[in-house]
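# Architecture and fold: a report
Each chain, written out:
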Amino acid sequence: MNSLPSTTIPGSNRIDAALLVLRIASAMVFLYHGSAILFGAFGGPGPEKFAAFMHAPAAVGYLVGLAQFAGGLAMLTGVLIRIGALCIIVVMLGAIFLVHLPHGFDVTKGGIEYALTELLIALALLLSGAGRYSVSAGLPGGLRKL
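Notes on the structure in this doc start here. Just so we're clear, the structure is a prediction, and the values are computed from it rather than from any experiment.

A few words on unusual backbone geometry. The phi dihedral of histidine 55 is positive, around 55°, even though this residue is not glycine. By the element assignment, histidine 55 lies in the loop between helix H2 (46-53) and helix H3 (58-77). For histidine 55, a relative accessible area of 76% translates into the label exposed.

In structure tokens:
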């Protein structure tokens, strides 16, 4: 009788593929924005100008840029995904409450719609982990859980 190995769950390949698609989509956004803030790439402001726009110390610009860029790398590779997702969640909470909330929900009016979507994707990945299709699959068990 053909039976599945005990580690294979029916449909788990589709779930792992879906997690990969979510990770890639989220990574593209945060690698782009993180590079713009941290390095001034793509015509971005760089950390000092970003912080000045937020009326915050320059360290805030570096931290936000680093959180977005490192979070994007974690999303892309799956390595330390939960830490990366947590970084993204913190940054998106800041974006929602400090920038977008006064503009309502509609993204075309500067609202929270997109930031909330990215926050929820990061929350889902925080809860689920990276899935099997990630670089983290080759890491030792203790690191894989992060």
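Position of alanine 56 relative to the elements: it lies in the loop between H2 and H3. Alanine 56 sits 17 residues away from phenylalanine 39 along the chain, and the two C-alpha atoms are 18 Å apart.

On to the nonpolar core, then. One finds Met75, Ile88, Met92, Ala122 and Leu125 to be the most contacted residues of the largest nonpolar core, which totals 25 residues. If you list the elements that add at least two residues to this core, you get helix H1 (12-38), H3, helix H4 (81-100) and helix H5 (113-128). If you tally residues by element for this core, the top one is H4, at eight residues. Those residues within four positions of alanine 122 in sequence are excluded, and the remaining contacts are Met75, Ala85, Ile88 and Ile89.

Below, the discussion takes up H3. Taking 1.5 Å per residue, 20 residues should reach 28 Å; H3 reaches 29 Å between its end C-alpha atoms and fits that length. All buried positions along H3 are accounted for by Gly61, Val64, Gly65, Ala67, Gln68, Gly71, Gly72, Ala74 and Met75. Looking at the buried residues of H3, the elements they touch are H1, H2, H4 and H5. At the exit of H3 stands glycine 78, carrying a positive phi of roughly 85°.

Moving on: a nonpolar patch on the surface. On the surface, Leu93, Phe97, Leu98 and Leu101 cluster together into a nonpolar patch covering about 420 Å² of accessible area. Tracing the chain through its elements places leucine 93 in helix H4. The exposure class of leucine 93 is partly exposed, given its relative accessible area of 39%.

Parameters and conventions
Residues numbered from 1 in each chain as written. Predicted model: local features only at pLDDT ≥ 70, side-chain atom pairs only at ≥ 80, totals over all residues. Heavy atoms only, no water. Helix = DSSP H or I, 4+ residues; strand = E, 2+ residues; numbered from the N terminus. Buried < 20%, exposed > 50% of the residue type's maximum accessible area, 1.4 Å probe, protein only. Core = buried A, V, L, I, M, F, W, Y, C linked by side-chain atoms within 4.5 Å. Contact = heavy atoms within 4.5 Å. Expected span 1.5 Å × (residues − 1). Patch = residues over 30% accessible without salt bridge, like charges linked within 9 Å, V, L, I, M, F, W, Y side chains within 5 Å. Areas by Shrake-Rupley, 256 points an atom, 1.4 Å probe, with all protein chains shown as cover. Salt bridge = Lys/Arg side-chain N within 4 Å of Asp/Glu carboxyl O.

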